[in-house]
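# Coordinate inspection notes
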Amino acid sequence: MEVFQYLFLLIFSNRSMYMSLVTGKNTPSFAKDTVYRFMKMVQINWIRFTTILAARIIKNAIVPLDSEERVNVLTIDDSMFERCHSKKVELLAKVYDHAKHAYKFGFRMLTLGWTDGSTFIPVNSVLLSSENRKSRINDAASVDKRSAGYKRRQLSMEKGTTAMLELLKAAKNAGIPAKYVLFDSWFSSPSTLHAVKALDYDVIGMVKKTPKMFFRYNNEDMPLTSIYKKNKKKRGRSKYLLSVMIEVVKDGGVIPAKVVYVRNRNKKKDYLCLISTDISLNEEEIIRIYGKRWDTEVFFKVCKSYLNLSKECNALSYDALTAHTAVVFTRYMMLSLESREANDQRSMGEILLYFTDEMSDITWIQAFQMLLEMFRTILAANTELSEEKIDELVDAFMNTLPIVLKSRLQAAQVKNLNN
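Residues numbered from 1 in each chain as written. Predicted model: local features only at pLDDT ≥ 70, side-chain atom pairs only at ≥ 80, totals over all residues. Heavy atoms only, no water.

Counting its secondary structure elements, the protein contains 15 helices and 11 strands. Across the 419 residues of the protein, 50% fall into the buried class. Nonlocal contacts in the protein, meaning residues at least 24 apart in sequence, comprise 66% of its contacts between residues at least 6 apart. Entry remark: accessible area of the protein is about 21500 Å², with carbon and sulfur atoms responsible for 51%. (Helix = DSSP H or I, 4+ residues; strand = E, 2+ residues; numbered from the N terminus. Buried < 20%, exposed > 50% of the residue type's maximum accessible area, 1.4 Å probe, protein only. Contact = heavy atoms within 4.5 Å. Areas by Shrake-Rupley, 256 points an atom, 1.4 Å probe, with all protein chains shown as cover.)

With that settled, consider a nonpolar patch on the surface. On the surface, a cluster of nonpolar side chains totalling about 260 Å² of accessible area is made up of Leu-9, Phe-12 and Leu-335. Summarising the element assignment, Leu-9 is placed in helix H1 (residues 2–9). (Patch = residues over 30% accessible without salt bridge, like charges linked within 9 Å, V, L, I, M, F, W, Y side chains within 5 Å. Salt bridge = Lys/Arg side-chain N within 4 Å of Asp/Glu carboxyl O.)

The next thing to look at is the pairing of strand S3 (residues 102–115). Within S3, 10 of the 14 residues are buried, leaving the element largely enclosed by the surrounding structure. Bridge analysis of strand S1 (residues 73–82) against S3 gives 10 bridges, and the strand direction is antiparallel. The partner of Phe-81 across the bridge, within S3, is Phe-107. Direction of pairing for strand S2 (residues 93–97) relative to S3: antiparallel, over a ladder of 5 bridges. Counted as the bridge partner of Tyr-96 is Tyr-103 from S3. The hairpin turn running from S2 into S3, its antiparallel successor, is 4 residues long, and His-101 in that turn takes a positive phi close to 55 degrees. (Pairing = 2+ DSSP bridges.)

For Leu-92, the location among the structural elements is in the loop between S1 and S2. Remark: the alpha-carbon pair of Leu-92 and Leu-127, spanning 35 residues in sequence, is separated by 10.0 Å. When residues no more than four places from it in sequence are discounted, the contact partners of Leu-92 are Arg-83, Ser-86, Lys-87, Phe-105, Gly-106, Phe-107, Ser-129, Ser-135, Arg-136, Ile-137 and Asn-138.

Where helix H4 (residues 46–62) contacts helix H11 (residues 318–343), the axes come no closer than 10 Å and their chain directions differ by 5 degrees. One element, H4, and the other, H11, form an angle in the roughly parallel class. Taken together, the residues of H11 that come into contact with H4 (itself represented by Trp-46, Phe-49, Thr-50, Leu-53, Ala-54, Ile-57, Ala-61 and Ile-62) are Thr-322, Ala-323, Ala-326, Thr-330, Met-333, Met-334, Leu-337 and Arg-340. Of the residues in the contact of H4 with H11, the class split is 12 nonpolar, 3 polar and 1 charged. (Axes fitted to C-alpha atoms, helices over the stretch in contact; angles between N-to-C directions. Parallel < 35°, antiparallel > 145°, perpendicular 65-115°, else oblique. Nonpolar A, V, L, I, M, F, W, Y, C, P; charged D, E, K, R; others polar.)

Once that is clear, we can look at the packing of helix H10 (residues 294–305) against H11. The N-to-C vectors of H10 and H11 enclose an angle of 115 degrees; their axes lie 11 Å apart at closest approach. Put simply, H10 runs roughly perpendicular to H11. In the crossing of H10 with H11, the sense of the turn from one axis to the other is right-handed. Together, Phe-299, Val-302 and Cys-303 of H10 and Val-328, Phe-329 and Tyr-332 of H11 make up the contact between the two elements. (Left-handed = near helix turned anticlockwise from the far one by under 90°.)

Overall, the coordinates contain 23 salt bridges when judged by the stated rule. Taking the shortest distance from any N to any O, the salt bridge between Asp-78 and Arg-108 comes out at 2.8 Å. Residue Asp-78 is found in strand S1, and its partner Arg-108 is found in strand S3; the two are separated by 30 residues along the sequence. In this structure, Asp-97 engages Lys-104 in a salt bridge whose closest nitrogen and oxygen atoms are separated by 3.7 Å. The exposure classification of Asp-97 matches that of Lys-104, with both residues buried.

What follows covers helix H3 (residues 32–39). In an α-helix there are 3.6 residues to a turn, and that puts residues three or four apart on one side. Buried within H3 are the following residues: Val-35, Phe-38 and Met-39. Viewed end-on, H3 has its buried residues packed into an arc of 95 degrees, placing them on one side of the element. Lining the buried residues of H3 we find H1, helix H2 (17–23), H4 and H11. (Arc of directions from axis to C-beta.)

Taken as a whole and judged by the stated rule, the model has 18 aromatic pairs. Note on Tyr-96 and Tyr-103: the rings are 5.0 Å apart at their centroids and 65 degrees apart in plane angle, and the pair reads as edge-to-face. By relative accessible area, Tyr-96 is classed as partly exposed at 31%. Tyr-103 gets classed as exposed once you look at its relative accessible area, which sits at 55%. Taking the centre distance of 5.2 Å and the plane angle of 85 degrees together, the rings of Phe-299 and Phe-329 count as edge-to-face. Taken together, the residues Phe-299 in helix H10 and Phe-329 in helix H11 connect sequence positions 30 residues apart. (Phe/Tyr/Trp six-rings, centres within 6.5 Å; stacked < 30°, edge-to-face > 60°.)

To continue, consider the side chain of Asn-138. Turning to its location among the elements, Asn-138 is positioned in the loop between strand S4 (120–128) and helix H5 (148–156). Among the polar contacts made by the side chain of Asn-138, one reaches the main-chain carbonyl oxygen of Lys-87 at a distance of 2.8 Å. A polar contact is formed between the side chain of Asn-138 and the backbone oxygen of Val-89, at a distance of 2.8 Å. (Polar contact = N/O pair within 3.5 Å; in protein donor to acceptor, adjacent residues only side chain to side chain.)

No statement about biological role is implied by the geometric values presented.
Shown next as structure tokens:
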């Protein structure tokens, strides 16, 4: 406990362990080798640790402050965990960074998180290497096959969709309350939708517009692009282009689903496809709930920029890297909990719980803003347009909006700047 507490507080001292030992400030009562041995222990199940900790925070501190009507969701996403300056890291792989469109040495940090629209709590994660032996720079170390270290090494060499299901099962067993699982187009395949549905979760995700993925529409299997062409689109002030009912078919199993085609205001011929296995939701609610996935991007930004993810630990052991990730997750959990208790008046006592309004959930206008930001990111990543040209397109789009929607967007933008 003392070693873990020391690692947890290290970031708040604004010094590395090495500089703490050199300056003689914030020095622990144990040697640095004790820290290294602790981080390299194969007996510690870090996925279970962060999952149980997140479950206790969510069930005991956050959910009691929310109403029963609040929609709680789990989000799945991955981010680059770079180790570009060392080629001796265990299970190091050559990974494609989709944000920067380049291959880098490191891992894909697949993360499962929980959010109620106001507070984001990371639940668990796995540093994915590569299932392809040719893409791995180094192999896994030889450890006891009965240990947790061996199991996480095996999980790191699985497909991302397989690892995602293991993380979801851990959250399910811990009793974390959530109705929907949100993920982007990298995980939205028919097989994944069926696997998540089998865990009693509904899915709201973005789907690729690819001719290789088929869904059943009017008793005919076709890609989403063909379904889009066969239907008449909404025009004018409609908040979405098209909404159709389809069936997700895999190995004889059929799941009814609803697909919502969302307009790209910056590029008239482009659109996004959102799919929901909960067909009782209306189109605006699907867009609003999917907007909660943006909390994961904020989490990645905070961890990399402020909590020293992948920078503080230079270890070569896969166990040490996993332990470092769990420590960073714990830091973020405590900061999220402190932020919620500082801003939510319901956390101050039972009287305020009953007589104070709960923290606001994400609104439809906020979800719409996040989709616009996503379009902006896609334009910057996939086109050669300059920032000035993208700003001109956004301004032109804002000027064509109805006055009511335009005023609400501008008011929300001013509020965000003031905050």
